[in-house]
Amino acid sequence: MFKSIDHKGVHARRTVARFVLPAVLVGALGVVADSNARAAETDYYKGKTFTVMVATRPGGGTDTVGRLVARYWSRHIPGNPDILVRNKPLQVIGANDLHNRVRPDGLTVGVFAGGGSLGPVARHSKSVRYDPTKWGFVGSIERGPSILLIRESALSRLRDPKAEPVAMGSVNTDRPQDAMAIFGMEYMGWNLKFVLGYPNSNSFYLAYGRGEIDMFGSGTTKIIERFIKHEGAVPLAAEVDRPDMPQVPTFEKLMGDNKPKGVKWDAYRAWAGPSSVDKYFAVSPGTPKALLNILRASFQATTRDPEFVKQARNVLGGGYVVLDGPATRALVEGAIVIPEGALKEITALRVKYGLPKISRKAAKLVKVTFDEVQREGRVLKFKVEGKKMKLRVSGSRTEVMIGGKISPRSGLKTGMTCEVSWAKRGSRIEARKVICP
Amino acid sequence: MKFKPGDLFTIVIIAVLIAAVVAASEWVLRASIIVLALGGIGIVLATAQLLIDVLTRTSATPRQTPKYELPTFDQIDPRVTLWGSLEIWGWLIGLVIVIKIIGLPLAMPLFVLSYAKFYGASWRLSTLLALMIAAFVFGVYQQIMHVYWPESLLGDLLAGSL
Amino acid sequence: MLEAALQGLSAISAPVPLGFLVFGVLLGLWGGALPGVGGPAQLAVLLPFAMLMEPMNAIAFLIGVTTVGNTGNTFTSVLVAVPGGSGSQATVLDGYPMARNGEARRALSAAFMVSMMGGIIGAFVLFATLPVMRTVVRSFGSPELFMFTIWGLSMLGTLSSGAPLKGLTAGILGVLLSTVGQDVKSGQMRFDFDLPYLWGGVSVVLVSLSIFAIPEMIALASRKGRIAEVAELGEGGTMQGIRDAFRHWWLVLRCAAIGTWVGVLPGLGSDVADWFAYAHARQTEKNPERFGSGDVRGVIAPESSNNAKEGGALITTLAFGIPGSTSMALLLIAFVAVGLNPGPEMLAQQLNYVYAIIFALVVSQILASAICWAMIKPAAYVCFFPFYVLVPMIMALAILSAFAAHFAMEDIIALLALSMLGYFMKLNGWPRAPIVLGFVLGEKVELYLWLSIARYDMDWIWRPGVLMLFTLVAGTLLYPVWRRLRNNSAPAQQTSAR
């Protein structure tokens, strides 16, 4: 009457019903969802405006590179958004904005130069309100290691301490060529005098043409070739090996036996460290990974675009290299760490040769737990090494960061454990930074 | 010695220059030298001006005004000037508050509409002017320049509710 | 060379490039007439489109956009005392009083005529001197540029007649205002009050709006009247303006020369050309006491110089491949993108493009002036608009223009804060022009003094160029004194002769 029950078969069918079918269904849904997501990603940039925020005034090297990429980028981003290039007056301002003001919606990318944006981080500058390690890195364009160029007629004066010093032009002595010049003075007795304060590279190119300076540095192949060919300059040394200019010795090689060792050489590498990252593209913290990946892929495609390559060779010359996001991140993370000994050495050299400090050092951060927070975060009370402290928190001057984002002081609560720095302001003690997890 | 309300402005200028010099004295010389030098000269000049005004002024002394400055305020009753100035400053401060509440793109046409209407324009004219400003804001700043507008209370509320 | 010139001329006068030129001029005028929209901001937006064009079309378009902004600026400077751009600040000093006297048409007509004349003179200088300009530009170093800025500061006295102590103090305030932000040579943040907004310094657009435009609008709102204090515009203003331009041809030539020089010397900045020219006119013309109350010469001087500087600015960009200003830097990017090679190579191998640029410059100046002339009559009626139309519209435009400095709320706060300074200066009879001149020159004074000392110690004082310019400065300062002494002694001589 009854068919015999194939228990194994039933078990097998139940297994299929219980586990496999759902898995297949989920898988199918996943495929659908994935393709929907892909379609969503593809459509994400359609009809939108993608902003390339260049963290310098128009016309300089960073602006040129940013605009060069921006010109061809849209055609490689799915959805072909409109591209808008916007400028910020200072690297630090652009970096602060990217970290704290720009929405993490993948619609804005910042373009920075390593020296100007990472140098203040490496030196713990108080003007830094951003953390580059939290950014998403799209990629970078490295124009080539810097070459120190000198007027041929000034060569003889370089090692003659009795002659008129060779004038070295610089913006703010933060670049690799400045490191070479300083270490040349310190360890090879170069007869140099720094003329700094030129507002940008263009102005000291002109100053060279006027005979006002005899030496400067650049990484842009086109500039190097122009000054060698038309302006009587000769290359003295390269920051590191340049495959396109193998005849130019590296600075290390030039130093020969004069090369310092240990922490002093670390200082040379660290001086130029932040500038070892040339022009890089980054998005704000919290940008979804999917969007970051789109931007990375499109950036690579853009830099391989034959039209881009042709323009880049025309503008930058042939020696540039394109790095992807992860490689850029690795470069950036390496550039912002300066060993304490090297930092001291750099500071000592700056003082010795009368160079600008660039920025004021931030006060040391101390980890404290708030015993009491009064008046909506305006007053903090805690103990440090057994001593009671009462700090004012300014709405405009104190930088308050909670969970990695700039926050109002009202977010500070009793019992929170945060890192705090402070300074005297008139008769009161005021917090400079309050950083809470 | 004859003081006039205008001397207060000179005193404020002197105070600003002194504050600038004091602030600059804490900087490195390279950065402070121009402020110290010119600020010092400015303090001397402004003080001399104040002393000249206060000590030599008589009822008959004409107002010292640069030749090219438009004598806009001189020709009107000072009370009218003061009240009129306070009015327009009130409008401007109100505009800033409204910008913080509803945002710049909405606040500008609203300001134009309400100011024009308040002082006698017809509804048609006021609306036309407001629409012109709105067209400029949305056409140029929004569509062409793709501006990121400053945050506003209304914008935050809308973003929070979505 | 002739062949290259003919090639350039025929290429740029083809229908398509000419069409792009007209389009560029219209955009440039529109951007110039609306405060905050023109100049580098407008160019930055248009650049991506220009970079996709054929070279001749790109040249025509970009020259049209870039070089006519100062012509368009004049409308707002004259009619409503809002400097439309940094090149038309000085125009306000006499242009606006002319509008108030019912002479708006005359002011605008004279301005457009001399803008065209000045622009053509600048183009001619570019044409005639490009091959030799490299040598000339190279002979002007930081010490000579410093002396130029001192020449500019010496004009503070000229701009303060009637209130010399106040004027000089205002100039000093302007210089101190220019120090706000980061000092590159020392890394020091100056007067930033720990506010990141101030690290990049104060924008010149903000300063000129808050010192001139807002106080004038407040004054207009206070008295609840109209700009023009006369009942009618008066007939014949447009033709009178043209006659004025030719009558003062020597002033036009001198001011155009000043403008060209300011444009040629990279690093002086385009903001100073009109001030130099205005102050020079005040120092050298007869009856200088009339300046500031609606003298047409006070419009002719700045307007002829601010267009002439465009030709001068192109010299450095084309001859060296190095831009002297933000606009030129953007132009250079576009030129390179379309295949041009500004610099020595361009003069050797792409001369036809160079001549195309020069011809485009001439045509754009003529075209811009013609278009603006056609708009004088309707535009001049703005002076009769009631205050409740003008005040909110101008205030709104000024606020939006200031906002365009950094696209931050702080721009608006800064505008109103500085406007209080401008307002109280006006209320208390403090001259305002010196503060703006001090601001535009301040950064340059400090920079070039510092570079001169850093490079040459104090030996720079004895350079021939410095000594020559020192003579010029001294002459400029002493000439009005000498003239006054001569005028005072003339009646005495006549009396004794009798």
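Note that this is a predicted model, so its numbers are computed, not measured.

S.K.: If you had to explain the overall build of chain C to someone new, which residues and values would you point to?
M.R.: Check the secondary structure of chain C and you find 22 helices and two strands. A compact globule built from 498 residues should have a C-alpha radius of gyration of about 23 Å, and chain C, at 22 Å, falls within 12% of that. Along the first, second and third principal axes, the C-alpha atoms of chain C reach 65 × 65 × 55 Å. Restricting to contacts in chain C with at least 6 residues of sequence separation, those with at least 24 account for 81%.

S.K.: Explain the confidence of the model for chain C to me, and be specific about the residues and the numbers.
M.R.: All names here are of chain C. Chain-level pLDDT for chain C is 84 on average; 93% of the residues reach the 70-or-more range. Under a pLDDT of 50 for its full length, residues 492–498 has, in the predicted model, zero contacts with residues more than four places off or in other chains. The complex prediction reports pTM at 0.80, with the ipTM value standing at 0.88.

S.K.: Hey, could you go over the pairing of strand β15 (residues 399–402) of chain A for me, with residue numbers and the actual values?
M.R.: Residue and element names in this part refer to chain A. Note: β15 against strand β18 (residues 428–436), four bridges, orientation parallel. When the sheet's bridge partners are listed, Met401 is paired in β18 with Ile435. Sheet topology note: the β15/strand β16 (residues 405–406) ladder contains two bridges and is antiparallel. Counted as the bridge partner of Met401 is Ile406 from β16. In textbook terms, the turn of a hairpin is the stretch between consecutive antiparallel strands, and for β15 and β16 this stretch comprises two residues, one of which, Gly403, has a positive phi near 60 degrees.

S.K.: Give a description of helix α21 (residues 433–456) of chain C that names residues and reports values.
M.R.: Residue and element names in this part refer to chain C. Relative to the 34 Å expected for 24 residues at 1.5 Å per residue, α21 spans 33 Å between its end C-alpha atoms, a close match to the ideal helical length. At Leu441, α21 shows its largest kink, close to 40 degrees. α21 sits mainly inside the fold: 19 of its 24 residues count as buried. Directly beyond the C-terminal end of α21, a positive phi value near 50 degrees is found at Asp457.

S.K.: Give a description of the interface of chain C and chain A that names residues and reports values.
M.R.: Residue-level contacts link 36 residues of chain C with 39 residues of chain A. Those elements giving two or more residues to the side of chain C that touches chain A turn out to be α3 (40–50), α15 (326–337) and α21 of chain C. Of the residues in the side of chain C that touches chain A, the class split is 23 nonpolar, nine polar and four charged.

S.K.: Describe in detail the packing of helix α8 (residues 142–158) of chain C against α21(C), supporting the description with residues and values.
M.R.: Residues and elements named next belong to chain C. Running from N to C, α8 and α21 cross one another at 150 degrees; their axes reach a closest spacing of 8 Å. It follows that α8 is roughly antiparallel to α21 by the angle criterion. You can see that α8 and α21 cross each other, and the crossing is left-handed. Along the contact surface, α8 presents Ser142, Pro143, Leu145, Phe146, Thr149, Gly152, Leu153, Met155 and Leu156, while α21 presents Pro434, Leu437, Gly438, Leu441, Lys444, Val445, Tyr448, Leu449, Leu451, Ser452, Arg455 and Tyr456. Broken down by class, the residue content of the contact of α8 with α21 amounts to 14 nonpolar, five polar and two charged.

S.K.: A description of the nonpolar core should follow, citing residues and the corresponding values.
M.R.: Within the largest apolar cluster, 318 residues are counted, with the highest numbers of intra-cluster contacts made by B:Val112, C:Ile59, C:Ala334, C:Ile357, C:Ala360 and C:Ile394. The element that contributes the greatest number of residues to this core is helix α7 (residues 104–138) of chain C, accounting for 18 residues. Not counting the four nearest positions on each side in its chain, C:Ala334 is found in contact with C:Leu47, C:Ala50, C:Met51, C:Ala58 and C:Leu62.

S.K.: Explain the domain arrangement of chain A to me, and be specific about the residues and the numbers.
M.R.: Residues and elements named next belong to chain A. Annotation of chain A at the domain level lists domain 1 (1–34), domain 2 (49–137 + 278–335), domain 3 (147–262) and domain 4 (366–436). Here the C-alpha centre of domain 3 lies 28 Å away from the C-alpha centre of domain 2. When contributions to the side of domain 2 that touches domain 3 are tallied by element, the ones reaching two or more residues are α4 (114–122) and α12 (306–316). Residues belonging to the side of domain 2 that touches domain 3 are distributed by class as follows: two nonpolar, eight polar and one charged.

S.K.: Before we move on, could you go through unusual backbone geometry and cite the residues and values that matter?
M.R.: Residues and elements named next belong to chain C. Notably, Asn287 is not glycine yet its phi reads approximately 50 degrees, a positive angle. On the secondary structure map, Asn287 appears in the loop between α13 (273–284) and α14 (297–320). By the C-beta count within 10 Å, which is 8 here, Asn287 ends up exposed. The phi dihedral of Asp457 falls on the positive side, at around 50 degrees, and the residue is not glycine. Here Asp457 lies in the loop between α21 and α22 (464–497).

S.K.: I'd like to hear about the interface of chain C and chain B, residue by residue, with values.
M.R.: Each side of the interface is counted separately: chain C has 54 residues, and chain B has 56 residues. Considering only residue class, the side of chain C that touches chain B consists of 32 nonpolar, 13 polar and nine charged.

Reading guide: rules and limits
- All chains use their own residue numbering, which begins from 1 and follows the written sequence.
- To read the labels, note that chains go from A and ligands from 1, taken in the order they are written.
- Residue-level local features of this predicted model are given only where pLDDT is at least 70; pairs of side-chain atoms are given and counted only at 80 or more, and the full residue set underlies all totals for whole chains, interfaces and linings.
- Here a helix means four or more residues in a row that DSSP labels H or I, a strand means two or more in a row labelled E, and each is numbered from the N terminus.
- Every radius of gyration here is taken over C-alpha atoms, with the globule rule written as 2.2 Å times N^0.38, N being the number of residues.
- Contact definition: two residues whose C-beta atoms, as placed from backbone geometry, lie within 7 Å.
- Residue-level confidence of the predictor, termed pLDDT, takes values from 0 up to 100.
- Here, a strand pair is defined by DSSP locating no fewer than two bridges between the strands.
- One less than the number of residues in a helix, times 1.5 Å, gives the span that helix is expected to have.
- The reported bend at a residue is simply the angle between two axes, fitted to the 7 residues ending at it and to the 7 residues beginning with it.
- Here a residue counts as buried when 20 or more other C-beta atoms fall within 10 Å of its C-beta, as exposed when 12 or fewer do, and as partly exposed in between; the C-beta atoms come from the backbone.
- Throughout, the ten residues Ala, Val, Leu, Ile, Met, Phe, Trp, Tyr, Cys and Pro are labelled nonpolar, Asp, Glu, Lys and Arg are labelled charged, and all others, Gly among them, are labelled polar.
- To get an axis, a line is fitted to the C-alpha atoms, and for a helix only the part in contact is used. The angle between two axes follows their N-to-C directions and goes from 0 to 180 degrees.
- Angle categories are assigned with fixed cut-offs, so that under 35 degrees is roughly parallel, over 145 is roughly antiparallel, 65 to 115 is roughly perpendicular, and the rest are oblique.
- Helix crossings are classified by the rotation of the near helix relative to the far one: an anticlockwise turn of less than a right angle makes the crossing left-handed, while a clockwise turn makes it right-handed.
- Under the definition applied here, buried Ala, Val, Leu, Ile, Met, Phe, Trp, Tyr and Cys residues are grouped into a nonpolar core through C-beta atoms within 7 Å.
- The source of the domain bounds is an automatic or database domain assignment.

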